[in-house]
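Each chain, written out:
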Amino acid sequence: MTELLIAILSVMVLLGAAFLMSNDRKNINYRAVGILFVAQLVTAYAMLNTTIGGQVVRAVTNFFSKLMEFGNEGIAFVFGGFEYQNDMPVFFISVLLLIVFTSTLLSVLTYIRVLPLMIKYLGGAVSKLTGLPVIESFSTVASSIFGDTGALIAVKTHIPKMNRNRLFIATTASMTSVSASIVGAYMTMIPAEFVLVALPLNVMSGLLLASMVAPAQLVEGEQINIKDMIHDKSLFEAIGNGAIDGMKVAGIVGAMLIAYISLIAMVNFILTSTIGTDLTTIMGLVLSPVAWLMGVPANEMVQAGGVMGTKIISNEFVAMLGFKEMIPALTPKTVGVVSAFLVSFANFSSIGIILGTVKAIDEKQAGVVATFGLKMLLVATMASVLTATVVGLFI
């Protein structure tokens, strides 16, 4: 009962904060808020607490495991003679290079129109069910497959015509999701079931909170052109571009990991030498109340808060690597809640990535995004908290 009351308090705090932050409270679509929240509860319960849902999660997990096996075939061919030091796998080779194969597969499925059609009709269904704009609904669903930049590029012809509120929804909701190309990499660090349940919940959390903070009205006659998502002229071009894009992502993630982990080590040395504590402990203390609201037991909320803080100031990969080492000593509740929180692009670096993407599409709209960059991150982080809270209810 206590856990349920804490979860209710968490939801009330999040919805209350979104209401207070709203720039048009009279036009908040409460029907959409209610529908999306109920859909979250049903989805989380079905995936985590039913036999059929469990079978689906296991089937999808096995599917990704098989994909990773296929990816490892290619990695073994290129790096087969590479010797590990002390039998420890090299993270870039064993984890990040898997992104190359999954990115290639996504590119092929996009070229043959499987993903564009699926996203178009799922986005349309969300719009009809909730009454939210079609373009934003489509973009949010697309972000769960292609990530924030891919989703924005998919609606690039509409971005110049968006008003401030619609642009806020599209960018913020995209930040709450992740690219399917790196889901397999996540599964090597945190439990697969929580990665999978976070994916649909994040779509709903992002739309729910962003549309409260910046309400937008349904525009009649708007349509999605799936040709905007297809850039390759042949199957082989799709394969080649997918592989190259995947390698770019792996390289970028690897470079960011080197930079952030090194910087955090330096900052920790300075803090430990001067005040006797490290950055993770400080962030843990600051965010421990949020971790508690998400359902983390009181005796583990500082540890959880530290992981959450690491994710926000660096990225989810840095946080997951640290959290992976902590998992054996934590309760299942904490593991599930924090894992769900980590599955999103809500961090400071994503502000620049999204801003750069919009700037490449429309210079004027990039100026608008720059004015609400921090607010975008705050609402996206709140969406991650909502997702984690809902997951915590069913552990």
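In what follows, the structure referred to is the one given above.
Just so it is clear, the model here is predicted, and its values are computed rather than measured.

Cut-offs and rules
Residues numbered from 1 in each chain as written. Predicted model: local features only at pLDDT ≥ 70, side-chain atom pairs only at ≥ 80, totals over all residues. Heavy atoms only, no water. Core = buried A, V, L, I, M, F, W, Y, C linked by side-chain atoms within 4.5 Å. Buried < 20%, exposed > 50% of the residue type's maximum accessible area, 1.4 Å probe, protein only. Helix = DSSP H or I, 4+ residues; strand = E, 2+ residues; numbered from the N terminus. Contact = heavy atoms within 4.5 Å. Axes fitted to C-alpha atoms, helices over the stretch in contact; angles between N-to-C directions. Parallel < 35°, antiparallel > 145°, perpendicular 65-115°, else oblique. Left-handed = near helix turned anticlockwise from the far one by under 90°. Nonpolar A, V, L, I, M, F, W, Y, C, P; charged D, E, K, R; others polar. Patch = residues over 30% accessible without salt bridge, like charges linked within 9 Å, V, L, I, M, F, W, Y side chains within 5 Å. Areas by Shrake-Rupley, 256 points an atom, 1.4 Å probe, with all protein chains shown as cover. Salt bridge = Lys/Arg side-chain N within 4 Å of Asp/Glu carboxyl O. Phe/Tyr/Trp six-rings, centres within 6.5 Å; stacked < 30°, edge-to-face > 60°. Lys NZ or Arg CZ within 6 Å of the ring centre and 35° of its normal. 1 Å grid on protein atoms, 1.4 Å probe; cavity = no way out; pocket = protein on both sides within 12 Å on 5 of 7 lines; lining within 4 Å. Points joined across faces, edges and corners; volume = space filled by probe spheres on them.

All right, on to the nonpolar core then. Counting residues in hydrophobic clusters, the biggest one holds 119 residues, and the most contacted among them are Tyr186, Phe317 and Val343. Take this core: its biggest share by element is 16 residues, from helix H10 (residues 192-213). With sequence-adjacent residues up to four places away left out, Tyr186 is seen in contact with Val178, Val195, Glu316, Phe317, Met320, Val343 and Phe345.

Two numbers describe a pair of packed helices, the interaxial angle and the distance between the axes. Here helix H7 (residues 134-154) crosses helix H16 (residues 348-361) at 20 degrees, and the two axes come no closer than 10 Å. As judged from the angle between their axes, H7 and H16 are roughly parallel. Handedness of the H7/H16 crossing: right-handed. Seen from H7, the contacting residues are Asp148, Thr149, Leu152 and Ile153; seen from H16, they are Ser350, Ile353, Ile354, Thr357, Val358 and Ile361. For the contact of H7 with H16, the class distribution of residues is six nonpolar, three polar and one charged.

On the surface, a nonpolar cluster with roughly 460 Å² of combined accessible area is contributed by Leu4, Leu5, Ile8, Met12 and Leu393. Ranked by residue count, the leading element in the nonpolar patch is helix H1 (residues 2-21), at four residues. Its location among the elements puts Ile8 in helix H1. Overall, the relative accessible area of 40% leaves Ile8 in the partly exposed class.

Think of a pair of aromatic rings as described by two things: how far the centres are apart, and how the planes are tilted against each other in angle. One pass over the structure, following the stated rule, counts four aromatic pairs. Ring centres of Tyr186 and Phe317 lie 5.4 Å apart, and the angle between their planes is 50 degrees; this geometry places the pair in the tilted category. Of this pair, Tyr186 sits in helix H9 (residues 183-187) while Phe317 sits in helix H14 (residues 316-326), and the two are 131 residues apart along the sequence. The residues Tyr186 and Phe317 share a single accessibility class, namely buried. Positioned above the aromatic ring of Phe341 is the side chain of Lys311, whose terminal nitrogen or guanidinium carbon lies 5.2 Å from the ring centre. Sitting above the plane of the Phe168 ring, Lys375 keeps its charged end 5.9 Å from the centroid.

This model, assessed by the stated rule, comprises one cavity of 30 Å³ or more. In this model, the largest cavity occupies a volume close to 40 Å³. Every residue along the wall of the largest cavity is listed here: Leu67, Met68, Gly71, Leu98, Ile99, Phe101, Thr102, Ser181, Gly184 and Ala185. Among the elements of the structure, helix H3 (51-79), helix H5 (98-111) and H9 are those that each provide at least two residues to the lining of the largest cavity. Taken together, the residues of the lining of the largest cavity sort by class into six nonpolar, four polar and no charged.

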